[in-house]
Amino acid sequence: MKRSDLVRSIQVNFTRMRNDDADKIVSAIAEDITDAVARGDRIEIRGFGRFLQRTRATKQAFNPRTGQPMLLSAGKTILFRPSIELTKKMN
């Protein structure tokens, strides 16, 4: 599903809503989720899942070409955990 599919879905459910307004709604939600995760907040959408920020530790890896060891620096990533309802619906 793409962003345009979400906008179209909102328009189907709310027939009097214009395309621009539905697009603004999708943009606002995506921006709020992005900002909150960047701050380190936990985002929970009931029935859908949770977005969390995780810190990856520094670790040693090997260059596949040369076989030389190299150090991968620590970094942050986003973790999504689906809700029980979403997991049941998928299965």
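The coordinates are above.
Now for a quick tour of the structure.

Cut-offs applied
- Residues numbered from 1 in each chain as written.
- Predicted model: local features only at pLDDT ≥ 70, side-chain atom pairs only at ≥ 80, totals over all residues.
- Heavy atoms only, no water.
- Phe/Tyr/Trp six-rings, centres within 6.5 Å; stacked < 30°, edge-to-face > 60°.
- Helix = DSSP H or I, 4+ residues; strand = E, 2+ residues; numbered from the N terminus.
- Buried < 20%, exposed > 50% of the residue type's maximum accessible area, 1.4 Å probe, protein only.
- Salt bridge = Lys/Arg side-chain N within 4 Å of Asp/Glu carboxyl O.

With that settled, consider the packing of aromatic side chains. Enumeration according to the criterion identifies 2 aromatic pairs in this entry. Consider the rings of F48 and F80, whose centres lie 5.3 Å apart with planes at 45 degrees: the pair is tilted. Taken together, the residues F48 in the loop between strand 1 (43-45) and strand 2 (49-56) and F80 in strand 5 (residues 75-82) connect sequence positions 32 residues apart. In this structure F80 comes out as partly exposed when scored by relative accessible area, which is 32%. With 5.0 Å between their ring centres and 45 degrees between their planes, F51 and F80 make a pair best called tilted. On the criterion of sequence distance, the pair formed by F51 in strand 2 and F80 in strand 5 is long-range, its members being 29 residues apart. Assessed through its relative accessible area of 17%, F51 is described here as buried. One aromatic cluster is present, formed by F48, F51 and F80 through successive ring pairs.

Evaluation of the coordinates by the stated rule reveals 6 salt bridges. Here D41 and R39 are joined by a salt bridge, their closest N and O atoms 3.0 Å apart. Among the charged side chains, a network of salt bridges with common partners joins R42, E44 and R46.

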